[in-house]
Every structure is written in structure tokens, then in C-alpha cells.
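Letter by letter, the chains look like this.
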Amino acid sequence: MDVLPILFRFLHIISAVTLVGGVLAWVYGFLPGLAALSADSRAKVENAAAAAWRPLVLTSIVGLLVSGSWNFLTNFLHREGLSRGWHPVFGVKILLVLHVFAVALLATKPGNTKRGRQLTGIAVSGMLIILLSAVLRILSK
Ligand code: HEM
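Note that the structure is a prediction, hence the values are computed from the model and not measured.

Trainee: Describe a nonpolar patch on the surface, naming the residues involved and giving the relevant values.
Mentor: On the surface, V124, L128, L131 and V135 cluster together to form a nonpolar patch covering roughly 310 Å² of accessible area. Tracing the sequence through the fold places L128 in helix α4 (residues 115-139).

Trainee: Quick one: what's the story with the pattern of salt bridges, residue by residue and with numbers?
Mentor: In the structure shown here, the tally under the stated rule is 2 salt bridges. As a salt-bridge pair, D40 and K44 come within 3.9 Å of each other at their nearest N and O atoms. One end of the pair, D40, and the other, K44, are both in helix α2 (residues 39-76), 4 residues apart, so they sit about a helical turn from each other. K44 carries the same exposure label as D40, and that label is exposed.

Trainee: Quick one: what's the story with the nonpolar core, residue by residue and with numbers?
Mentor: The biggest cluster of nonpolar side chains holds 28 residues, and the ones touching the most others in it are L19, V23, F101, L119 and I122. Elements with a minimum of two residues in this core: α1 (3-34), α2, α3 (86-107) and α4. Setting aside residues no more than four positions away along its own chain, L119 makes contact with V23, W26, V27, W53 and A107.

Trainee: Residue-level account of the side chain of S140, with values.
Mentor: Tracing the backbone shows S140 in the segment after α4. Overall, the relative accessible area of 11% leaves S140 in the buried class. Leaving out residues up to four positions away in the same chain, S140 has contacts with F76, R79, L82 and W86.

Calculation notes
Residues numbered from 1 in each chain as written. Predicted model: local features only at pLDDT ≥ 70, side-chain atom pairs only at ≥ 80, totals over all residues. Heavy atoms only, no water. Patch = residues over 30% accessible without salt bridge, like charges linked within 9 Å, V, L, I, M, F, W, Y side chains within 5 Å. Areas by Shrake-Rupley, 256 points an atom, 1.4 Å probe, with all protein chains shown as cover. Salt bridge = Lys/Arg side-chain N within 4 Å of Asp/Glu carboxyl O. Helix = DSSP H or I, 4+ residues; strand = E, 2+ residues; numbered from the N terminus. Buried < 20%, exposed > 50% of the residue type's maximum accessible area, 1.4 Å probe, protein only. Core = buried A, V, L, I, M, F, W, Y, C linked by side-chain atoms within 4.5 Å. Contact = heavy atoms within 4.5 Å.

These values are about where atoms sit, not about what they do.
Written out as C-alpha cells, the structure is:
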């Protein structure tokens, strides 16, 4: 049994779950839960949570870059017989990924007053990326 593909697939999926799941929990659970607090207390709690969450965001970005690049370079770079749509769909996925990575890093900075709106944007992009990844899987068979 080839262990490396399993390890890298695990790393890709656990990092995607950590990043996108964290954003969804923040936007649809944590933010509505904080709405009852005063603006001052809300900012304090949000900034503390963003500081605690940031290392996890950084770790999952590194995990996705390492595992995604490994997967691309070993399985797809020179692969023949891929459906014609695979590369354009992969290109759109990578653009959305760059948006998610950049905005997640911005949103977890301290004192950010646009955090809620930024995280809502990347919740949508994150779900689209997962949809496109499912399409890629079908196109690569
Ligand atoms: C927010 C960031 C990302 C998310 C949420 C994400 C999510 C996913 C998911 C859910 C899969 C399907 C996994 C499977 O069925 O084994 C996948 C596959 C894949 N991902 Fe990502 N990914 C992200 C970033 C990246 C990056 C940065 C790269 C490349 C540098 C990449 C390259 C790939 C490749 C090559 C596949 C296989 C596609 C196929 O089956 O044809 N991903 N990704």
C-alpha cells in the first residue's frame, strides 16, 4: 500500500476542514452569538479569538499549499487523458484559494473592524472551492 498519497490526502482534507470549517463556525455561530454584547466587549472578545485562531489559519494554509502542490506535481502536471475542463477549473480554484488565503490572514489581524464582512466573503469562496474540487475529482477520473 502506498502510504504517501494517503498522508498528503489526509493533510489536504484536514487543513481544508480546519480553515473553511473555522470560517463557517465564526460567521454563522460565533458572530451571531456575540451580537448581544456591547460594541466594546464584542471587539475585545473578537480580537482575542482572532489572535488565538491565527496560528491554526497559518498552519492550515501551509498544509494546503504543501499537500496541494505535492498532489498537483506528482499526479497532474504531466498527466495525459485529463478531461479538457480540468485545467480551467483548477485555475479558477487557485484564484479563489488565493482570495481565501489573503483575506483569512487579513481578517485575523488585531483591531480589524471589517472582519465580519471579510470572513463572510471567504465563507462563500471556501464553499465554492470545495464544490470545484468535487468537480475536479470527477474530471480527473
Ligand atoms: C482553501 C484552500 C483549499 C481547499 C478548501 C481545498 C479543498 C480540496 C478538496 C476538498 C479536494 C478533494 C480531496 C479529495 O477528494 O481527495 C481537493 C483536491 C485537490 N486540491 Fe485542493 N483545496 C485547497 C487548496 C489547494 C491548493 C493551494 C492546491 C495546489 C497548490 C490544491 C490542489 C488540489 C489538487 C491538485 C486536488 C486534486 C484534484 C482532483 O482530484 O482532480 N488545493 N482540494
